[in-house]
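# Observations on chain architecture
Listed below, chain by chain, are the residues.
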Amino acid sequence: MLSVVPRAISVRAPSKVNLHLAVGDLRPDGYHELTTVFQALSLSDQVDLVPAPALTVRVRGEGARDVPTDRRNLVWKAATRLAHRAGREPLVEISIDKGIPVAGGMAGGSADAAAALLGLNALWQLDLSRDELAEFALELGSDVPFAMHGGTALGTGRGEKLLPVLARDTFHWVLAFGKGGLSTPDVFRELDRLRGQGQPPKLGDPEKLMHALAAGDPAQLAPLLGNDLQAAAISLKPELRRTLRAGITAGALAGIVSGSGPTCAFLCADADAAVEVSTELSGAGVCRSVRVAYGPVSGARVIDIEPIVKH
Ligand SMILES: C[C@@](CO)(OP(=O)(O)O)[C@H](O)COP(=O)(O)OP(=O)(O)OC[C@H]1O[C@@H](n2ccc(N)nc2=O)[C@H](O)[C@@H]1O
Ligand SMILES: Nc1ncnc2c1ncn2[C@@H]1O[C@H](COP(=O)(O)OP(=O)(O)O)[C@@H](O)[C@H]1O
């Protein structure tokens, strides 16, 4: 009998932007209750997995120097936990090609973790269901379940309770990467501090925003984008104000800080407008680099399997 065993697997892992990020109260477990609308974007990392004599993580690309290659890397955690569950050693080399900015509020580490879970499930032929993988995903981080899910989704709880949201057509974005990153816990802590002083006001519910998504109308969506963490990110990095202004001056419909920042995401009228905004923003000297992207795209997906056929 012939059986096909994967020799190497490549997984594409998308970034995300929070179109709406309402932060509720701090819970006893140290997390905040969220109501968020995620959109998965075409800006991605690629994660390649190949059997190896020992667990090894390699990182290249955007911000690679700032990414740990030991047990602190989320893919390392994904591999050891999945191997433990399967009763085997995590003998795999994981190579990450980063396109997503590190500590940029675009969930790059979460994307890689989701990719590793999906890729190892295939490489080790574990046959775990999406629901079983989702449990591992949440243990690795609040954003990892969405990185597996993709598309456009409403997230509640820590952001892990996901419901798909209808988004007609494709939305076009320009992303301005910040100089340096921001730590997610620091930004949540700063929001708690600002709220202790009585500001900023909290976002309402995302109902209107979801109508605009269903209509596929960027002009209708633009004024409804909102992020409770934005004030905290700006408080820690005041130069973000200039970046946000520069994107609007360059012709974007709206700009927000992506998640905990410091990446700024600008919604544009269409693909041509996004290219124009990105060119102008690149010349404005208000950020480290600029990319165009579109969404929604699917969650982490196996894009290539190199098979060994066994007799
Ligand atoms: C803010 C968001 C918005 O999508 O993304 P990023 O901007 O970081 O990408 C997420 O909530 C981040 O998710 P993720 O980066 O996976 O965070 P985790 O590792 O789970 O948590 C890191 C820390 O962030 C804070 N945290 C995170 C999620 C949450 N619902 N409440 C929190 O207070 C906690 O201090 C926690 O210890
Ligand atoms: N595979 C990974 N890619 C990027 N960062 C990682 C990874 N694994 C662990 N990290 C750590 O997680 C931190 C947050 O990274 P990242 O997911 O890129 O940002 P954010 O939480 O802002 O979306 C980084 O500073 C880095 O130390």
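Residues numbered from 1 in each chain as written. Chains lettered and ligands numbered in written order. Predicted model: local features only at pLDDT ≥ 70, side-chain atom pairs only at ≥ 80, totals over all residues. Heavy atoms only, no water.

In the annotation of an unreviewed UniProt entry, the protein is listed under the name 4-diphosphocytidyl-2-C-methyl-D-erythritol kinase and assigned to Antrihabitans cavernicola. Here the protein is described in UniProt, under the heading Sequence similarities (unreviewed entry), as follows: "Belongs to the GHMP kinase family. IspE subfamily." Reading the Pathway (unreviewed entry) entry of the UniProt record for the protein gives the comment "Isoprenoid biosynthesis; isopentenyl diphosphate biosynthesis via DXP pathway; isopentenyl diphosphate from 1-deoxy-D-xylulose 5-phosphate: step 3/6." (UniProt positions renumbered as here; feature names shortened; annotations may be inferred.)

With that settled, consider the site of ligand 2. Close to ligand 2 lie 19 residues; A103, G105, A107, G109 and D112 are nearest. G109 places a main-chain nitrogen or oxygen 2.8 Å from an oxygen atom of ligand 2. A total of 540 Å² of accessible area belongs to ligand 2 in isolation, and the protein chains cover 79% of it. When atom positions are compared with the pocket grids, ligand 2 is found to occupy the largest pocket. Those elements that place two or more of their residues in the shell around ligand 2 are β4 (92-98) and α2 (108-123). Per-element accounting of the shell around ligand 2 gives the leading share, 3 residues, to α2. (Near = heavy atom within 4 Å. Polar contact = N/O pair within 3.5 Å; in protein donor to acceptor, adjacent residues only side chain to side chain. Areas by Shrake-Rupley, 256 points an atom, 1.4 Å probe, with all protein chains shown as cover. 1 Å grid on protein atoms, 1.4 Å probe; cavity = no way out; pocket = protein on both sides within 12 Å on 5 of 7 lines; lining within 4 Å. Sits in = over half its atoms within 2 Å of the grid points. Helix = DSSP H or I, 4+ residues; strand = E, 2+ residues; numbered from the N terminus.)

A few words on helix α1 (residues 74-86). In this model, α1 (13 residues) spans 18 Å end to end at C-alpha, consistent with the 18 Å of a helix rising 1.5 Å per residue. On its buried face, α1 sits against β3 (56-61), β4, α2 and α3 (130-140). The residue sitting at the N-terminus of α1 and contributing the capping side-chain oxygen is N73; that oxygen lies 3.0 Å from the backbone nitrogen of V75. (Expected span 1.5 Å × (residues − 1). Contact = heavy atoms within 4.5 Å.)

The subject of this paragraph is the UniProt feature "active site" (unreviewed entry) in the protein. Taking the numbering used here, the UniProt-annotated feature "active site" (unreviewed entry) corresponds to K16 and D143. What stands out for the annotated residues spanning 128 residues is how close their C-alpha atoms remain, the widest pair being 9.1 Å apart. For the largest cavity, the lining residues among the annotations just cited are K16 and D143. Using a relative accessible area of 5% as the deciding quantity, one classes K16 as buried. Apart from residues no more than four positions distant in its own chain, K16 is found in contact with F38, Q39, A40, L41, G105, M106, A107, D143, F146, S258 and G259. In this structure the side chain of K16 is engaged in a polar contact, spanning 3.0 Å, whose partner is the backbone oxygen of G105. Not counting the four nearest positions on each side in its chain, D143 is found in contact with K16, F38, A107 and S110. (Buried < 20%, exposed > 50% of the residue type's maximum accessible area, 1.4 Å probe, protein only.)

The step from G261 to P262 runs through a cis peptide bond, and the omega angle for that step is 5 degrees. Along the polypeptide, P262 turns up in the loop between β9 (254-257) and β10 (264-268). Notably, Q125 is not glycine yet its phi reads approximately 50 degrees, a positive angle.

Let us now look at a negative patch on the surface. Negative charge collects at one region of the surface, where D270, D272, E276 and E280 lie side by side. With respect to the helices and strands, D270 occurs in the loop between β10 and α10 (271-283). (Patch = residues over 30% accessible without salt bridge, like charges linked within 9 Å, V, L, I, M, F, W, Y side chains within 5 Å. Salt bridge = Lys/Arg side-chain N within 4 Å of Asp/Glu carboxyl O. Lys, Arg positive; Asp, Glu negative; His and termini not counted. Charge placed at Lys NZ, Arg CZ, Asp CG, Glu CD.)

Taken as a whole, the largest pocket holds about 1,200 Å³ of empty space. For the largest pocket, the lining is made up of 46 residues, of which L74, S110, D143, T184 and P185 are closest to its centre. Broken down by secondary-structure element, the contributors of at least two residues to the lining of the largest pocket are β1 (3-26), β2 (32-51), β4, α2 and α5 (184-196). Broken down by element, the lining of the largest pocket gets its largest block of residues, 5 residues, from α5. Each of domain 1 (3-165 + 297-310) and domain 2 (171-293) contributes no fewer than three residues to the lining of the largest pocket. (Points joined across faces, edges and corners; volume = space filled by probe spheres on them. Domains from an automatic or database assignment.)

Turning to the site of ligand 1, a few remarks are in order. Within the structure, ligand 1 sits among 22 residues, and H32, S142, D143, T184 and S260 are positioned closest to it. Within the backbone of A107, an N or O atom sits 3.5 Å from an oxygen atom of ligand 1. One nitrogen or oxygen atom from the main chain of S260 is found 2.7 Å from an oxygen atom belonging to ligand 1. Contact with the protein chains removes 84% of the 700 Å² of surface that ligand 1 exposes when unbound. Cavity membership is defined here by more than half of the atoms lying within 2 Å of grid points; on that basis ligand 1 lies in the largest pocket. At the level of secondary structure, the elements contributing two or more residues to the shell around ligand 1 comprise β1, β2 and α5. A class-by-class count of the residues in the shell around ligand 1 yields 9 nonpolar, 10 polar and 3 charged. (Nonpolar A, V, L, I, M, F, W, Y, C, P; charged D, E, K, R; others polar.)

On to the domain arrangement of the protein. Each domain of the protein was delimited in the assignment, giving domain 1 (3-165 + 297-310) and domain 2 (171-293). Here domain 1 and domain 2 have C-alpha centroids that lie 24 Å from each other. Roughly 2,300 Å² of surface becomes buried between domain 1 and domain 2 when both sides are summed, with 62% attributable to carbon and sulfur atoms. The interface formed by domain 1 and domain 2 includes 3 salt bridges. Between E62 and R288 there is a salt bridge, and its shortest N-O distance comes to 2.7 Å. Seen at the junction of domain 1 and domain 2, the total is 14 residue pairs in polar contact (both at pLDDT 80 or more). When residues of the side of domain 1 that touches domain 2 are traced back to their parent elements, those giving at least two are β1, β2 and β5 (152-157). Element by element, the count of residues in the side of domain 1 that touches domain 2 is highest for β1, at 11 residues. (Buried area = accessible area lost by both parts, 1.4 Å probe.)

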